[in-house]
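# Coordinates in review
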Amino acid sequence: MRALPIVLGLLLISSRPATAQTFTVSGSPAKMTINTAVAGSQPTSVTDAATTYKVQVRSWQGIKKITAQINAAMPAGTTLQLSMVPPVGATSPGPVTLTTVAQSIVNNIANVGTTVTLGITYKFSATAAAGVVSSQSRTVTLTMVVGP
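Just so it is clear, the structure is predicted and the values come from calculations on it, not from any experiment.

## Observations regarding the sheet that holds strand β1 (residues 22-25)
Note on sheets: strands pair through backbone hydrogen bonds, and any given pair is parallel or antiparallel. Across the sheet, which stays open at both edges, the five strands sit in the order β1-β2-β7-β4-β5 with antiparallel pairing between neighbours. The open sheet is flanked by β1 and β5 (96-97), the only strands paired with a single partner. Bridge count between β1 and strand β2 (residues 46-57): four bridges; the pairing is antiparallel. The partner of Val25 across the bridge, within β2, is Tyr53.

## Details of the pairing of strand β4 (residues 78-84)
For β4, a buried count of five out of seven residues is recorded, marking the element as mostly surrounded by other parts of the structure. Sheet analysis places β4 next to strand β7 (residues 112-126), joined by seven bridges and oriented antiparallel. The partner of Thr78 across the bridge, within β7, is Ala126. Looking at chain direction, β4 and β5 are connected through two bridges and run antiparallel. Looking at the pairing, Gln81 lines up with Thr97 of β5.

## Observations regarding the nonpolar core
Grouped together as the largest cluster of nonpolar side chains are 25 residues, with contacts concentrated most on Tyr53, Ile66, Leu82 and Met84. When contributions to this core are tallied by element, the ones reaching two or more residues are β2, β3 (64-70), β4, β6 (103-109), β7 and β8 (140-146). In terms of residue count, β7 provides more of this core than any other element does, five residues in total.

## Digging into the packing of aromatic side chains
Tallying each qualifying case throughout the model produces one aromatic pair. Judged by centre distance (6.0 Å) and plane angle (65°), the ring pair of Phe23 and Tyr53 falls under edge-to-face. Remark: Tyr53 occurs in strand β2 and Phe23 occurs in strand β1; sequence separation between them is 30 residues.

## Thoughts on the environment of Thr91
Locating Thr91 in the fold gives a position in the loop between β4 and β5. With 15 residues separating them along the chain, Thr91 and Val106 place their C-alpha atoms 5.7 Å apart.

## Topic: the side chain of Thr67
Mapped onto the secondary structure, Thr67 falls in strand β3. Discounting chain neighbours no more than four positions away, the residues touching Thr67 are Ala102, Gln103, Ser104, Ile105, Thr141, Leu142, Thr143 and Val145.

## Some thoughts on the pairing of β2
Along any regular strand the residues' side chains alternate between the sheet's two faces. Note that β2 and β7 share nine bridges and pair antiparallel. Within the sheet, the bridge partner assigned to Val55 lies in β7 and is Val116.

## Some words on the environment of Thr114
The topology assignment puts Thr114 in strand β7. Using a relative accessible area of 60% as the deciding quantity, one classes Thr114 as exposed. Considered as a pair, Thr114 and Gln56 are 58 residues apart in the sequence and their alpha carbons are 6.1 Å apart. Discounting chain neighbours no more than four positions away, the residues touching Thr114 are Val55 and Gln56.

Scoring rules and cut-offs
- Residues numbered from 1 in each chain as written.
- Predicted model: local features only at pLDDT ≥ 70, side-chain atom pairs only at ≥ 80, totals over all residues.
- Heavy atoms only, no water.
- Pairing = 2+ DSSP bridges.
- Helix = DSSP H or I, 4+ residues; strand = E, 2+ residues; numbered from the N terminus.
- Buried < 20%, exposed > 50% of the residue type's maximum accessible area, 1.4 Å probe, protein only.
- Core = buried A, V, L, I, M, F, W, Y, C linked by side-chain atoms within 4.5 Å.
- Phe/Tyr/Trp six-rings, centres within 6.5 Å; stacked < 30°, edge-to-face > 60°.
- Contact = heavy atoms within 4.5 Å.

What follows is the structure, encoded as structure tokens:
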């Protein structure tokens, strides 16, 4: 009879409902085309802030971060920057110029008990030296990983 309370105690400890961390993105930004410039200046950058993301990380899931990378290098003279609004308690380095190497976009994501929806901003820029660039696309991969 003494073993019964121990077994029940173990069952109660391990009966916490399993919940996964949540990280989803609302979709892709609209096509970004640079087609204006002021005489004597660089072409006018294009910004898209219509995309959002949802994140939830429970306290027992540890500290997470979000990284971003693109699938191919940008054409010469062009850049694609990404910034994400961090949840409360997390940090962001601000706009990051994307490359084919994963870079931290949001750091120290922890204890986000309720799923929150936050903004993503893309900025596409070009220099006059880029010239005319044919229409191209890039895939941005966002990943939530373990990290500060």
